[in-house]
Amino acid sequence: QVQLVDSGGGLVQAGGSLRLSCAASGRTFSRDTMAWFRQAPGREREFVIGISWGDGMTNYGDSVKGRFTISRDTAKNTVYLQMNSLQPEDPAVYYCAARRGMGVLLGQQVYEYWGQGTQVTVSS
């Protein structure tokens, strides 16, 4: 059974940094794509960033380019979201997601597995 566990959220000042983690278990993920989505109150869930587990190819949402990066630790089956220069528009619940197949797709409907979410809050 595939399980994704998100962690690392919290309160940070504007301009600060946070690192989120997504620990994956239940199968081999070498042919999967992992992604982070976020959802703020009253808004739709949006794609943030993603990575193909096998070849490390990445894709970024326009709002986070140059500020957020994604990486993976294959030994730990963990994906990381490094968030720098956090802005007032970044607060949301951040969700890790996984889908079988290479290629980072932006639509949430193609992701089969989801973490429980972790809250990110940015103070001004």
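Scroll up to find the structure this text is about.
Being a predicted model, the structure only gives us computed values, none of them experimental.

*Asks:* Provide a residue-level description of the overall build of the chain, including the pertinent values.
*Replies:* Summing up its helical and strand segments, the chain has zero helices and eleven strands in all. Along the chain, helices and strands appear, N-terminal first, in the series β-β-β-β-β-β-β-β-β-β-β. Taken over C-alpha atoms, the radius of gyration comes to 13 Å for the chain, in line with the 14 Å a tight globule of 124 residues would show. Each of the three principal axes of the chain carries a C-alpha extent, and together these read 40 × 25 × 25 Å. Across the 124 residues of the chain, 43% fall into the buried class. Here the analysis covers contacts within the chain between residues at least 6 apart in sequence; of these, 57% occur between residues at least 24 apart.

*Asks:* Can you break down the pattern of salt bridges residue by residue, with the values?
*Replies:* Under the definition given, this model contains six salt bridges. Among the salt bridges present, the one from Arg100 reaches Asp32, with a minimum N-O distance of 2.8 Å. Placement of Arg100 in strand S9 (residues 92-100) and of Asp32 in strand S4 (residues 32-39) is noted, with a sequence separation of 68 residues between them. Since its relative accessible area comes to 0%, Asp32 is described here as buried. Of the charged contacts in the structure, one is a salt bridge between Lys65 and Asp62, with a shortest N-O distance of 3.5 Å. An identical accessibility class is assigned to Lys65 and Asp62; each is exposed. Each of Arg38, Glu46, Arg67 and Asp90 takes part in a single network of salt bridges with overlapping partners.

Conventions used here
Residues numbered from 1 in each chain as written. Predicted model: local features only at pLDDT ≥ 70, side-chain atom pairs only at ≥ 80, totals over all residues. Heavy atoms only, no water. Helix = DSSP H or I, 4+ residues; strand = E, 2+ residues; numbered from the N terminus. Rg over C-alpha atoms; globule rule 2.2 N^0.38 Å. Buried < 20%, exposed > 50% of the residue type's maximum accessible area, 1.4 Å probe, protein only. Contact = heavy atoms within 4.5 Å. Salt bridge = Lys/Arg side-chain N within 4 Å of Asp/Glu carboxyl O.

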